[in-house]
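# Inside the fold
Given next are the chains, with one letter for each unit.
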Amino acid sequence: MAERMKWIEVIMPQLAESLVSATIGKWLKKPGDRVEQYEPICEVITDKVNAEIPSTVDGIMGDLLVEEGTTIAVGEAICRMQVAASDEDIAEQVTLAAHQEDPVQQAQVQQNAGQSPAIAKGSSAAAFDPNQPMRHRYSPAVQSLAAEHGLNLQQVQGTGAGGRITRKDVLAYVAQGGQASASSASAQTSAAANQSVQSTSSSPFSGIRDTGITTGSVAASGVTGQTIPASDVGVPVRHSGIHLTESPKIPQIEVEGGGQGRSEYFIDVTPVRNAIARNMRQSVSEIPHAWTMIEVDVTNLVMLRNKLKDEFKRKEGINLTYLSFMMKGVVNAIKDYPIMNSVWAVDKIIVKRDINLSMAVGTEDSVLTPVIKQADQRNIAGLAREIDDLARKTREGTLKLDHMQGGTFTVNNTGSFGSILSQPIINYPQAAILTFESIVKKPVVINDMIGVRSMANLCLSLDHRILDGVICGRFLQRVKENLEGYNMETKVY
């Protein structure tokens with residue numbers, strides 16, 4: 001005995017508390033594919049990261065209701081799936097489908113009222129086919145195409161799940177000359193019903209572009225030979241005018257006038273880039289930025305890292321970077337000056353107890369800030385593992401939203417690409433951001449003698465509503481002391 005199935009709609013979940021919409025980046029399953037529970041069905045692009053949407057049930061993928069590159073609100077359906085159904089589910093599905101009559105059939109109810117019961121029964125049976133329960137359910141894209149070409153959807157063969165008509169079915173029908181045959185069928189139907197209809201189509205969309213419909217007789221009202229405005233005809237058509245036959249794909253580069261000697265081209269703004277622009281604008285608009293810098297002698301740190309890096313690489317399988325030592329120094333300084341780990345809240349300043357370090361990671365087309373949670377509870381080796389893991393996930397595009405949330409202070413290793421001085425924008429709504437610049441050997445005066453030392457700049461941008469020069473100067477001095485305090489006996493575990 002064949003397994004009974006039912007159709008369900010998969011909705012866009014709320015991946016984060018502040019998330020209201022997401023963009024379908026790529027479908028990982030196609031109609032007809034078998035889907036297991038928790039298996040990813042699509043990739044979505046949000047303001048913060050790319051994420052995968054897992055299936056909550058076992059089943060078979062049905063219609064993809066949203067095309068790649070389309071932004072959809074949380075809670076809206078993105079696809080349909082066929083799953084195992086109980087007897088009660090089957091009975092409910094058949095009942096609901098039987099009541100979903102085609103608009104043409106609804107318009108003929110008054111005509112059927114004057115027919116014999118046998119004729120009316122036959123018309124109802126033709127309207128619903130148990131083998132094609134989705135035959136009369138039309139998507140907005142299908143409705144829009146049918147209205148555009150004046151088609152009668154009753155004459156279009158559906159190839160979708162449950163006999164549902166897809167956009168490709170409509171386009172194929174039009175390509176085969178379906179518009180002309182629809183007009184011919186409409187004329188025959190009108191003659192049989194003794195009605196004169198101004199439109200040449202009998203589709204449920206006839207009259208959308210007409211100013212009115214002239215009827216030979218309207219049984220319910222008893223009015224004959226009058227023109228009824230199209231807006232008064234009970235055709236349940238929703239047409240907003242914004243349904244596109246092809247949704248724009250993102251991201252892509254479009255060259256304007258490529259072969260005509262134009263000296264510029266346009267690049268589509270991705271959701272991630274748009275989020276960066278919005279957040280940076282919010283930060284510089286709302287936060288009064290101030291900036292300060294201090295120079296640090298990291299000669300001992302360079303020697304310590306050179307001593308430990310090979311053994312650490314062999315033992316842990318990852319690189320021991322300067323950033324892990326830098327973060328440890330910052331965490332210890334924040335413990336001494338907790339106001340650095342705070343947020344402005346209009347009439348209050350909220351000081352965070354947990355020290356969650358946001359780490360700026362650059363990719364080819366964006367900058368993301370994954371978070372090391374409770375960084376104050378990790379040693380240097382633990383910080384190095386977290387740095388490597390989050391940086392790898394960022395560049396592979398496998399970050400989860402949880403990795404991006406909860407940051408209280410941001411550190412950026414701008415020295416990794418050779419910068420010696422920078423003025424960073426604060427990661428809103430945090431109070432400060434610190435950059436670790438490139439290590440450069442310089443001649444330095446020590447005890448009235450000149451020596452060559454490894455020097456690095458630390459640059460701090462601060463929210464002047466919360467922080468002032470005195471507290472930030474002391475904070476930077478403490479970070480400097482922590483970094484210069486490393487020696488050959490410092491342990492990373």
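Below is a short write-up of the structure. Positions within a chain are numbered from 1, following the residues in the order the chain's sequence is written. pLDDT decides what is reported in this predicted model: residues at 70 or higher carry local features, side-chain atom pairs at 80 or more are listed and counted, and totals for whole chains, interfaces and linings draw on all residues regardless. Derived side-chain values reflect all non-hydrogen atoms in the structure, with water molecules and hydrogen atoms excluded from consideration.

### A word on the overall build of the chain
Helices and strands together make up the secondary structure of the chain, namely 12 helices and 23 strands. The buried share among the 493 residues of the chain stands at 39%. What makes two residues a contact is simply this: any of their non-hydrogen atoms within 4.5 Å. Of the contacts made within the chain by residues no fewer than 6 positions apart, 62% connect residues no fewer than 24 positions apart. Numbered from the N terminus, helices here are DSSP runs of H or I no shorter than four residues, and strands are runs of E no shorter than two. The buried label applies to any residue whose accessible area, calculated with a 1.4 Å probe on protein chains only, is under 20% of its type's maximum; exposed applies above 50%, and partly exposed to all values in between.

### Observations regarding the pairing of strand β5 (residues 50–54)
Of the two faces of β5, only one is covered, namely that formed by A51 and I53; the face formed by N50, E52 and P54 stays uncovered. The pairing criterion for strands is at least two bridges between them, as found by DSSP. Where strand β4 (residues 40–45) and β5 come together, 5 bridges link them in antiparallel fashion. Considered in β5, the bridge of P40 is made with P54.

### Description of the pattern of salt bridges
It is possible for side chains bearing opposite charge to pair when their charged atoms get close. For salt bridges, the criterion is a side-chain nitrogen of Lys or Arg within 4 Å of an Asp or Glu carboxyl oxygen. Within this structure, the stated rule accounts for 16 salt bridges. Between K373 and D402 there is a salt bridge, with the nearest N and O atoms lying 3.8 Å from each other. One end of the pair, K373, is in the loop between β19 (371–372) and α11 (380–396); the other, D402, is in the loop between α11 and β20 (409–412), with 29 residues separating them in the sequence. When salt bridges with common partners are traced through the structure, they connect D389, R392, K393 and E396 into a single cluster.

### Some points on the pairing of strand β8 (residues 77–84)
One ladder, built from 7 bridges, connects strand β1 (residues 5–11) with β8; its direction is antiparallel. Paired with M5 across the two strands is A84, which belongs to β8. In this sheet, β8 lies alongside strand β6 (residues 59–64) in antiparallel orientation, the contact comprising 3 bridges. Paired with I60 across the bridge in β8 is Q82.

### Remarks on the sheet that holds β4
Strand order in the open sheet made by the 4 strands is β5-β4-β2-β7, with antiparallel pairing throughout. The open sheet has two edge strands, β5 and β7 (71–73), and neither has a second partner. Sheet twist, expressed as the mean angle between neighbouring strand axes with direction ignored, is 45°. Orientation is described by lines fitted to C-alpha atoms, with helices fitted over the stretch in contact, and by angles between N-to-C directions that extend from 0 to 180 degrees.

### Some thoughts on a nonpolar patch on the surface
A contiguous nonpolar surface patch, about 370 Å² in accessible area, is contributed by W291, M293, I420 and L421. Tracing the backbone shows M293 in strand β13 (residues 289–297). Nonpolar side chains (Val, Leu, Ile, Met, Phe, Trp, Tyr) are joined into patches within 5 Å and like charges within 9 Å, using only residues with over 30% relative accessible area and no salt bridge. The accessible surface values rely on the Shrake-Rupley method and a 1.4 Å probe; as for residues, cover is taken only from the protein chains in view.

### So, the sheet that holds β8
In a beta sheet, neighbouring strands pair by backbone hydrogen bonds and run either parallel or antiparallel. Spatial ordering of the open sheet is given by β1-β8-β6-β3, a layout of 4 strands whose pairing is antiparallel. Looking at strand neighbours, the two that pair on one side only are β1 and β3 (34–35), the edges of this open sheet.

### Focus: the nonpolar core
Throughout this description, the term nonpolar core refers to a set of buried Ala, Val, Leu, Ile, Met, Phe, Trp, Tyr and Cys residues connected via side-chain atoms within 4.5 Å. Judged by nonpolar contacts, the single largest core of 62 residues is most densely connected at F409, L458, L460 and F475. With 8 residues, helix α10 (residues 322–336) is the single largest residue contributor to this core. With sequence-adjacent residues up to four places away left out, L460 is seen in contact with A290, W291, T292, M340, F409, A432, I433, L434, C472, F475 and L476. Membership of the second largest hydrophobic core comes to 17 residues, among which are V35, I53, I72 and M81.

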